[in-house]
Amino acid sequence: MPSDSAPTPSTATATAPGRGSEPSTPRPTHRTPHGARTGGPPAGPAAAPRRSGVALVASLLGFTVITIDVSAVNIALPAIRDSLDGGMSGLQWVVDAYTLMFAALMLSAGALADRTGARRAYTWGIALFTLASLACALAPGIGVLVAARVAQGAAAAVVMPASLALIRQVYEDARARARAIALWTVGGSVAMAAGPVLGGLLTDSAGWRAVFLLNLPVGAVILVLLVRVPRSPRRPAALDAGGQITAVLALAGLAFAVIEGGHLGWTSGPVLGAGALALAAGCAFRVVEARHPRPMVPLSMLRDRRVSMSLAVGFAVNAAFYGGIFLLGLYYQQLRGMSAIAAGLMFVPMAAVVTATNLVSPRLAERVGRRPVIVAGQLVFAGAMLAMLPLAPHTPVWLVLVLLLPLSIGGALAVPALTALLMDVVPQERAGTASGLLNSLRQTGGALAVALFGGLLSGAGDGFSLPGMRIGLVAVAVLLLATTALSRLLLPRG
């Protein structure tokens, strides 16, 4: 996703030296020309910048590959459907299996990176992501592909905070670290812009399996680079297993009910059972978090209306963004008959506008205040949903691109100000938790929007339903208008 939609840098808990750190690598002994023994590498101070650069490249590549995977797969969905006969329900699960695991495990992945050390966690995450990508590419059926996407999402949840913790580890100077994180963020924005084009190019030229095979050489390069990165210190960090398990069950049950409800019927046994599971797991999650001495989601933090409102807005904005991307990928190819590469190119102007708006939003928030920017971004996004209502099979391409301008601007305007507001209102020691929770809610909003749109878009013979598309657009617009009104009422003026 673009930088406004990507997890924020504070998602990861900063890794700092402490007890329980990994044993340091023995320093080799060298001899001077006169035979004197001296410790340390012969490169001296020059070795540190080189290692920092290697760590930054490794972190940037990891963030880029998990971001490209999201947007590229959206373009490959029609080809996957034709190859594996998965139907609309199968396509929804291909997207949501990844997103839901990413969202659920994001809550505790930062603590895992702290406990095991950033480099070790990042290595495990990249290795698992690479193997899962191979499994996706070799999948003989939709069920195996969905299972492999679950593993990919779990790995991506580990990669995200570990990559940032690795940058925090190797850049001790605050100014250099800020530049490194800025490069990391720009890399995510470029990856989101390139993902649809790359996905279309690979799908048209080599088939949808090439979208996943691309991850293999990138993963291998990252693992080779990590050999040159210093070991990371470990530190004690509580893992909330009960909260994590109940969160996964609640999200999985809710997603199953929404996805399959549109296909099996809302009163069918499996759908009602999934809904009951989601409700029971959600209640259990609340009980577990209330009793845990160090919960991954402190309930007291949610009682602050500024925090809860920020999370609600993040959920709604990502529902609009991810739902819109999912809808458009199918609209271009299934309804208009575009090739995969042509459909990917249709997203390029949108990505350029998102990037430009990302740069403007923080300055605008400083000038007029954060609440007006957050409110305006949601209003623009609601307008984007309504602007897409006239889309039809023969709508001129230039008009489609004009109608998509609000979709490009809305989230990029609101999310930077929203994230800055959230970071201001939570205590410093809760910044990583709050950011992880925001990103988790945003990913969940996107997953549920894909589930909703998928159920509504499925017409006769699993074709593309224009009436269903319009119902989904209106539903998301209503959600955004509701969060806009609440933002205006509950968020602080400053």
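Predicted model only: the values in this text are computed from it and were never measured.

A.B. asks: Teacher, can you tell me more about the overall build of the protein chain here?
C.D. replies: The helix and strand tally for the protein chain stands at 18 helices and two strands. Buried residues in the protein chain amount to 54% of all 494 residues. Restricting to contacts in the protein chain with at least 6 residues of sequence separation, those with at least 24 account for 83%.

A.B. asks: Hey, could you run me through a nonpolar patch on the surface in this one?
C.D. replies: On the surface, Leu-359, Val-360, Leu-364 and Val-368 cluster together into a nonpolar patch covering about 350 Å² of accessible area. Judged by its relative accessible area of 44%, Val-368 falls in the partly exposed class.

A.B. asks: Sorry, what's going on with the packing of aromatic side chains here?
C.D. replies: For any pair of aromatic rings, geometry is given as the distance between the ring centres together with the angle between the planes. Inspection of every chain in the model, using the stated rule, returns six aromatic pairs. When the centroid spacing of 6.1 Å and the interplanar angle of 80° are considered together, the rings of Tyr-98 and Phe-102 count as edge-to-face. Taken together, the residues Tyr-98 and Phe-102, both in helix 2 (residues 87–116) and four residues apart, mark about one turn of the helix. Note on Phe-102: relative accessible area 4%, which makes it buried. Ring centres 6.1 Å apart and planes at 85° place the aromatic pair Trp-208 and Phe-212 in the edge-to-face group. Owing to a relative accessible area of 1%, Phe-212 belongs among the buried residues under this scheme.

A.B. asks: When you look at helix 4 (residues 142–170) in this model, what are you seeing that I'm missing?
C.D. replies: Since there are 3.6 residues in each turn of an α-helix, residues three or four apart along the chain are aligned in direction. With 29 residues, helix 4 extends 41 Å from end C-alpha to end C-alpha; this agrees with the ideal 42 Å at 1.5 Å per step. Across the 29 residues of helix 4, 22 count as buried, placing the element largely inside the fold.

A.B. asks: What am I meant to see in the nonpolar core here?
C.D. replies: One recurring pattern in soluble globular proteins is that nonpolar side chains are buried together. Residues Leu-145, Phe-326, Leu-328, Tyr-332, Phe-381, Met-385 and Leu-480 are the most contacted members of the largest nonpolar core, which totals 98 residues. For this core, the leading source of residues is helix 11 (residues 305–335), giving 15 residues. Non-local contacts of Phe-381, meaning those with residues more than four positions away in its chain, are made with Val-317, Ala-320, Phe-321, Leu-407, Gly-410, Gly-411 and Leu-480. With 41 residues, the next largest nonpolar core counts Ala-55, Leu-56, Phe-129 and Leu-226 among its residues.

A.B. asks: I would appreciate a short explanation of the confidence of the model for the protein chain in the present structure.
C.D. replies: Interpretation of this model should avoid reading the predicted coordinates in detail wherever pLDDT is low. Summing up the model confidence of the protein chain, the mean pLDDT is 80 and the portion of residues at 70 or higher is 85%. The spread of mean pLDDT over the elements of the protein chain runs between strand 2 (residues 37–39), the lowest at 40, and helix 6 (residues 209–213), the highest at 94.

A.B. asks: Which parts of the structure should I look at to understand the packing of helix 14 (residues 370–387) against helix 16 (residues 405–425)?
C.D. replies: Helix packing for two helices is described by the angle between their axes and how far apart those axes are. Taken N-terminus to C-terminus, the directions of helix 14 and helix 16 make an angle of 150°; their axes are 7 Å apart at the nearest point. Judged by the angle between their axes, helix 14 and helix 16 are roughly antiparallel. Here helix 14 and helix 16 pass one another in a crossing that is left-handed. Facing Arg-370, Val-373, Ile-374, Ala-376, Gly-377, Gln-378, Val-380, Phe-381, Ala-384 and Met-385 of helix 14, the residues of helix 16 in contact are Pro-406, Leu-407, Ile-409, Gly-410, Gly-411, Leu-413, Ala-414, Ala-417, Leu-418, Ala-420, Leu-421 and Asp-424.

A.B. asks: Please explain helix 14 as it appears in this structure.
C.D. replies: With 18 residues, helix 14 extends 25 Å from end C-alpha to end C-alpha; this agrees with the ideal 26 Å at 1.5 Å per step. If you check which residues of helix 14 are buried, you get Arg-371, Val-373, Ile-374, Val-375, Gly-377, Gln-378, Phe-381, Ala-382, Ala-384, Met-385 and Ala-387. Lining the buried residues of helix 14 we find helix 11, helix 13 (348–368), helix 15 (397–403), helix 16 and helix 18 (466–490).

A.B. asks: Can you help me understand the environment of Val-248 in this one?
C.D. replies: Position of Val-248 relative to the elements: it lies in helix 8 (residues 241–264). Placed 30 residues apart in sequence, Val-248 and Ala-278 show a C-alpha to C-alpha distance of 9.3 Å. Apart from residues lying up to four places away in sequence, Val-248 is in contact with Met-101, Ala-104 and Leu-105.

A.B. asks: Hey, could you run me through the pattern of salt bridges in this one?
C.D. replies: Pairing is possible between side chains of opposite charge, provided their charged atoms come close. Under the defined criterion, the tally for this structure stands at two salt bridges. Across the pair Arg-149 and Asp-69 runs a salt bridge, and its minimum N-O distance is 2.5 Å. One end of the pair, Arg-149, is in helix 4; the other, Asp-69, is in helix 1 (residues 47–84), with 80 residues separating them in the sequence. An identical accessibility class is assigned to Arg-149 and Asp-69; each is buried.

A.B. asks: Help me understand the side chain of Arg-149, please; the structure alone is not making it clear to me.
C.D. replies: What makes Arg-149 buried here is its relative accessible area of 2%. Excluding anything up to four places from it in sequence, Arg-149 contacts Asp-69, Val-73, Val-94, Val-95, Ala-97, Tyr-98, Cys-136 and Phe-212.

A.B. asks: When you look at the environment of Val-190 in this model, what are you seeing that I'm missing?
C.D. replies: Positionally, Val-190 belongs in helix 5 (residues 174–206). Distance from Val-190 to Ala-352, taken between C-alpha atoms, is 9.2 Å for residues 162 residues apart in sequence.

A.B. asks: Explanation requested: the packing of helix 3 (residues 118–138) against helix 4 in the structure shown.
C.D. replies: The contact between helix 3 and helix 4 brings their axes to 7 Å, and the two run at 155°. One way to sum up the angle between helix 3 and helix 4 is to call them roughly antiparallel. Regarding helix 3 and helix 4, the two cross each other, and that crossing is left-handed. Residues belonging to the contact of helix 3 with helix 4 are distributed by class as follows: 19 nonpolar, five polar and two charged.

Conventions adopted
Residues numbered from 1 in each chain as written. Predicted model: local features only at pLDDT ≥ 70, side-chain atom pairs only at ≥ 80, totals over all residues. Heavy atoms only, no water. Helix = DSSP H or I, 4+ residues; strand = E, 2+ residues; numbered from the N terminus. Buried < 20%, exposed > 50% of the residue type's maximum accessible area, 1.4 Å probe, protein only. Contact = heavy atoms within 4.5 Å. Patch = residues over 30% accessible without salt bridge, like charges linked within 9 Å, V, L, I, M, F, W, Y side chains within 5 Å. Areas by Shrake-Rupley, 256 points an atom, 1.4 Å probe, with all protein chains shown as cover. Salt bridge = Lys/Arg side-chain N within 4 Å of Asp/Glu carboxyl O. Phe/Tyr/Trp six-rings, centres within 6.5 Å; stacked < 30°, edge-to-face > 60°. Expected span 1.5 Å × (residues − 1). Core = buried A, V, L, I, M, F, W, Y, C linked by side-chain atoms within 4.5 Å. pLDDT = per-residue confidence, 0-100. Axes fitted to C-alpha atoms, helices over the stretch in contact; angles between N-to-C directions. Parallel < 35°, antiparallel > 145°, perpendicular 65-115°, else oblique. Left-handed = near helix turned anticlockwise from the far one by under 90°. Nonpolar A, V, L, I, M, F, W, Y, C, P; charged D, E, K, R; others polar.

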